[in-house]
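Fold and contact review
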Amino acid sequence: MQIICVSSGAHSGGQNLAGRLAEKLGYGCLSRDELIEAATREGIRVGKLEMSMVKPGIFSERLALERDIYLAFSTAYLCEKAKEGGLVYHGRTGHLLLTGVSHVLRVRVLADEEYRIRAVMQKLGLVRQKAQK
């Protein structure tokens with residue numbers, strides 16, 4: 001069970017890297033969006049957890065329990081997917097998952113400002129000044 005967890009900064013190309021890596025290695029590729037959809041189907045209120053990270057002060061004991069449930073679900077889900085063969089996971093929390101599992105490679109992808117500006121210009125069709133903002 002080989003697992004590679006890729007996390008990336010905004011507009012750094014991490015998702016593209018993860019997809020190409022999975023293809024080259026013949027591994028499955030799982031995105032954070034797919035993981036969130038699966039968790040939501042199981043009744044985990046992922047949206048509330050997201051808001052608690054953005055708005056300080058709304059984190060409660062209930063949300064702490066919800067976070068623990070989400071992490072447990074995510075761990076189990078990743079392990080189930082990895083049992084099918086090697087797995088590349090791309091997502092913001094990849095480095096937090098599967099702690100204590102020694103055979104997980106964690107990769108952080110960062111890009112310099114110029115690369116990110118060009119990526120935003122291309123993706124959103126913006127002029128340089130607006131993309132930079």
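In this section: the packing of aromatic side chains. Under the criterion given, the structure shown has one aromatic pair. Geometrically, the ring pair formed by Phe73 and Tyr77 is stacked, given 5.6 Å between the ring centres and 25° between the ring planes. Of the two residues, Phe73 and Tyr77 are both situated in helix α4 (residues 61–83); the distance of four residues between them amounts to about one turn of the helix.

For the rest of this paragraph, the subject is the environment of Tyr77. Separated by 39 residues in the primary sequence, Tyr77 and Ala38 place their C-alpha atoms 8.5 Å from one another. In contact with Tyr77, other than residues within four places in its own chain, are Leu30, Leu35, Ala38 and Arg41.

This part is about the nonpolar core. Ranked by size, the top nonpolar core spans 19 residues in total, and within it Leu35, Tyr70, Phe73, Leu78 and Tyr89 carry the most contacts. Going through the elements one at a time, β1 (3–8), α2 (32–41), α4 and β3 (87–90) are the ones with two or more residues in this core. Ranked by the residues each element gives to this core, the list is headed by α4, at five residues. Not counting residues within four places of it along the chain, the set of residues in contact with Tyr89 comprises Ile4, Cys5, Val6, Leu30, Ser31, Arg32, Leu35, Leu78, Gly94 and Leu97. Counting six residues, the second-largest nonpolar core is a separate cluster that includes Ile4, Val6, Val88 and Val109.

Once that is clear, we can look at α4. Because each turn of an α-helix spans 3.6 residues, side chains separated by three or four positions in sequence point in the same direction. Here α4 is 23 residues long and its end C-alpha atoms lie 33 Å apart, about the 33 Å a rise of 1.5 Å per residue gives. Turning to α4, its buried residues number three or more, namely Leu63, Ala64, Glu66, Tyr70, Phe73, Ser74, Tyr77, Leu78 and Ala82.

Right, let's get into the layout of surface pockets. By volume, the largest pocket is sized at about 490 Å³. What lines the largest pocket is a set of 20 residues, and nearest its centre among them are His11, Ser12, Gly13, Gln15 and Lys123. Contributing elements (two or more residues each) for the lining of the largest pocket: β1, α1 (14–25), α2 and α5 (113–124). For the lining of the largest pocket, the element with the highest residue contribution is α5, accounting for five residues. Tallied by class, residues from the lining of the largest pocket come to three nonpolar, 12 polar and five charged.

Right, let's get into the side chain of Ser7. The residue Ser7 is located in strand β1 in this model. Exposure remark for Ser7: the relative accessible area of 4% places this residue in the buried category. Side chain to side chain, Ser7 and Arg108 meet in a polar contact 3.5 Å long.

All right, on to the pattern of salt bridges then. Taken as a whole and judged by the stated rule, the model has three salt bridges. In this structure, the salt-bridge partner of Glu80 is Lys83, at a minimum N-O distance of 3.3 Å. Here Glu80 and its partner Lys83 are both found in helix α4, three residues apart, which amounts to about one turn of the helix. On the basis of relative accessibility, which here comes to 46%, the residue Glu80 falls in the partly exposed class.

So, about the sheet that holds strand β4 (residues 104–109). What the four strands build is an open sheet, ordered β2-β3-β1-β4; its pairing is parallel. Among the strands making up the open sheet, the edge pair consists of β2 (28–31) and β4. Here the strands of the sheet are splayed against their neighbours by 20° on average, with no regard to which way each runs. Bridge count between β1 and β4: six bridges; the pairing is parallel. Counted as the bridge partner of Ser7 is Arg108 from β4. Sitting on the sheet, α1 is in contact with β1, β2, β3 and β4, with an inclination near 175° to β3. Against the sheet, α2 contacts β2 and β3, and its axis sits at roughly 70° relative to β2.

Conventions and cut-offs
- Residues numbered from 1 in each chain as written.
- Predicted model: local features only at pLDDT ≥ 70, side-chain atom pairs only at ≥ 80, totals over all residues.
- Heavy atoms only, no water.
- Phe/Tyr/Trp six-rings, centres within 6.5 Å; stacked < 30°, edge-to-face > 60°.
- Helix = DSSP H or I, 4+ residues; strand = E, 2+ residues; numbered from the N terminus.
- Contact = heavy atoms within 4.5 Å.
- Core = buried A, V, L, I, M, F, W, Y, C linked by side-chain atoms within 4.5 Å.
- Buried < 20%, exposed > 50% of the residue type's maximum accessible area, 1.4 Å probe, protein only.
- Expected span 1.5 Å × (residues − 1).
- 1 Å grid on protein atoms, 1.4 Å probe; cavity = no way out; pocket = protein on both sides within 12 Å on 5 of 7 lines; lining within 4 Å.
- Points joined across faces, edges and corners; volume = space filled by probe spheres on them.
- Nonpolar A, V, L, I, M, F, W, Y, C, P; charged D, E, K, R; others polar.
- Polar contact = N/O pair within 3.5 Å; in protein donor to acceptor, adjacent residues only side chain to side chain.
- Salt bridge = Lys/Arg side-chain N within 4 Å of Asp/Glu carboxyl O.
- Pairing = 2+ DSSP bridges.
- Axes fitted to C-alpha atoms, helices over the stretch in contact; angles between N-to-C directions.

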